[in-house]
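Each chain, written out:
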Amino acid sequence: MLKFDVLIIGSGLAGMTLALHLAATRKVGLITKRDLLEGSSTYAQGGIAAVLDTEDSVEEHIRDTLIAGAGLCNEEATRFIVEHSKEAIDWLIALGVPFTRDDTHKTGYHLTREGGHSHRRIIHAADATGAAVTSTLGQKIKAHPNITVLEDFIAIDLITSRKLGLEGKRCYGVYALDKTLDQVVTIAAKHTMLASGGAGKVYLYTTNPDTATGDGIAMGWRAGCRVGNMEFIQFHPTCLYHPHTKSFLISEAVRGEGGILKLPDGTRFMPDHDPRAELAPRDVVARAIDFEMKKHGLDCVYLDISYKPANFIKEHFPNIYAHCLELGIDITQEPIPVVPAVHFTCGGLVTDLTGHTDVDALYAVGEVACTGLHGANRLASNSLLECLVIGKAAAEDILAAPDIVLPKIPDWDDSQVTDTDEEVVISHNWDELRRAMWDYVGIVRTNKRLMRALSRIRLLSEEINEYYSNFHVTNDLIELRNLVQTAELIVRSALLRKESRGLHYSRDYPDMLEETQETVLQPAQH
Ligand SMILES: Cc1cc2nc3c(=O)[nH]c(=O)nc-3n(C[C@H](O)[C@H](O)[C@H](O)COP(=O)(O)OP(=O)(O)OC[C@H]3O[C@@H](n4cnc5c(N)ncnc54)[C@H](O)[C@@H]3O)c2cc1C
């Protein structure tokens, strides 16, 4: 058995932030299911939204966030996070994150502007901000004597008072699979934090890395936490469609610089959907592409910038040009095949402003959580900011908490299970689930499609739970169990919303209601 003061599950920006704020006085265990730097945080390109310029203001950043969130943002959470944005960026700068400089600007840094922001307020490190941040913080974490990093450890389930037959509703750590030794390990902790990211892999196409399988949402739900706003799934309209690549974004700047969306026969379709055509907001473009793909039975549509001079394209989009060329697509000569793809999970485990969940000593920070900041639609570049601000607040809450003595925790009992006989059950169900979610719970929803998805999910869930009870756990089985659980939470939440708002669009209820209400699911009594 391993023991820590604080156990952190996940090594993205949320987990790293918490670890570094605690390590001076606490023994921290940081488990991560692949290597330290693998997670959405490292792939973030654009940057981090923060009020840094004196011409910008906290009030305007809050207003932009509330507008994007379509009436569902929690104003208190939004204010708290935005008010702490400068402090969060100062912390990163002090740690040595190499943000892009601009000596002509009074802040000394180059700030960009993204859709929905009324000011230039996105601080970035070229077009690879996430990698610059996580590699800088990752080095500090590896060097810290109080932080034990356990790579290739996947958390299976939280250890709660209920599991131990104790009074109350508290978390005491986690059972995790050490993938290298193929052994389940008990990890006891006085405080546990879920920093396990989002759930993009629930869908067939996603910009998220393979780690985003909703593990933390599912574990928290099973442990007795409420989940909120799960129906709000943000789609990026243009992800490269190619059998030999995954999760590669074709930046919105390509449309901004004149890229035209076309059907395979070359017909332009965006003007039929919105007067702003290709420059319409993300959700409008994603919905239009989805409509055309379903109408014509297409696997993808095309984004064409090839009519611009080759030098212009290479200069503005060096990474996209190089990546596509490697796959045999010369974007200076031909259109780029694209599909919309899931980008961000706005909902998650309901927390307060210190990241605390409904279970004592259990915190959730980052994309796994729902503080209410993102409402019904996330404002670009607010998510990394949330990891930083709530991560620090959670650390302060943990530091102020009274000490406890850990109870006796039994080891994982796998005496009743055997080795799996048919791996194909897992891969088949994994594909079926992601396809069903894509087809029935995608960008445009109907009651009929949602009900169809729910009945498929329930069948899959039964089969997977039976499998889970009978066979040794593996990485894929743990993830599949969580994917199915998360998918069910998304569909149940979508069925409860009888309107179209933000990222949730229902053909049965195309209008937005006057009254605003969060969707909160209550777990079974514990
Ligand atoms: C391509 C892309 C570009 C983006 N660009 C931006 C941007 O410019 N600005 C912005 O603000 N946001 C951006 N986002 C969103 C942002 O990156 C994420 O919301 C944010 O990084 C989430 O951080 P996190 O720490 O919560 O999760 P992650 O960074 O995803 O980290 C999750 C961690 O948990 C681990 N984990 C998961 N399950 C388990 C388990 N069961 N056991 C052990 N470990 C586990 C994973 O291995 C990983 O280490 C982007 C996202 C993507 C995918």
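Data block above holds the structure.
In this text, all values refer to a predicted model and were calculated from it rather than measured experimentally.

K.L.:
Give me the lowdown on the pattern of salt bridges, citing residues and values where you can.
P.N.:
With the rule as written, the count across this model stands at 32 salt bridges. Among the salt bridges present, the one from glutamate 488 reaches arginine 458, with a minimum N-O distance of 3.2 Å. Highlighted residues: glutamate 488 in helix H16 (residues 475-496) and arginine 458 in helix H15 (residues 447-470), separated in sequence by 30 residues. On the basis of relative accessible area, glutamate 488 is assigned to the buried category, the value being 15%.

K.L.:
I'd like to hear about the site of the ligand, residue by residue, with values.
P.N.:
Taken together, the neighbourhood of the ligand is formed by 39 residues, with Ser41, Gly47, Ala155, Asp215 and Glu367 sitting nearest. Note that an oxygen atom of the ligand is positioned 3.0 Å from one of the backbone N or O atoms of serine 40. In this structure, an oxygen atom belonging to the ligand sits 2.5 Å away from a side-chain N or O atom of serine 41. For the shell around the ligand, the secondary-structure elements that each account for two or more residues are helix H1 (13-22), strand S2 (28-32), helix H2 (40-43), strand S7 (153-160), helix H8 (215-223), strand S14 (336-345) and helix H13 (382-400). Of all the elements, H13 adds the most residues to the shell around the ligand, at four residues.

K.L.:
Describe the sheet that holds strand S12 (residues 260-262), naming the residues involved and giving the relevant values.
P.N.:
Judged by pairing direction, the sheet is antiparallel, and its four strands sit side by side in the order S11-S14-S13-S12 without closing on themselves. With one partner strand each, in any of the chains shown, strand S11 (233-240) and S12 form the two edges of the open sheet. Going from strand to strand, the sheet's axes swing by 45 degrees on average, the running direction of each strand aside. Pairing geometry for strand S13 (residues 301-304) and S14, over three bridges, is antiparallel. Bridge pairing in S14 places valine 301 opposite valine 338. Contacts from helix H10 (residues 282-296) reach S11, S12, S13 and S14 within the one sheet, and its direction differs from that of S11 by about 65 degrees.

The rules behind these values
- Residues numbered from 1 in each chain as written.
- Predicted model: local features only at pLDDT ≥ 70, side-chain atom pairs only at ≥ 80, totals over all residues.
- Heavy atoms only, no water.
- Salt bridge = Lys/Arg side-chain N within 4 Å of Asp/Glu carboxyl O.
- Helix = DSSP H or I, 4+ residues; strand = E, 2+ residues; numbered from the N terminus.
- Buried < 20%, exposed > 50% of the residue type's maximum accessible area, 1.4 Å probe, protein only.
- Near = heavy atom within 4 Å.
- Polar contact = N/O pair within 3.5 Å; in protein donor to acceptor, adjacent residues only side chain to side chain.
- Pairing = 2+ DSSP bridges.
- Axes fitted to C-alpha atoms, helices over the stretch in contact; angles between N-to-C directions.
- Contact = heavy atoms within 4.5 Å.

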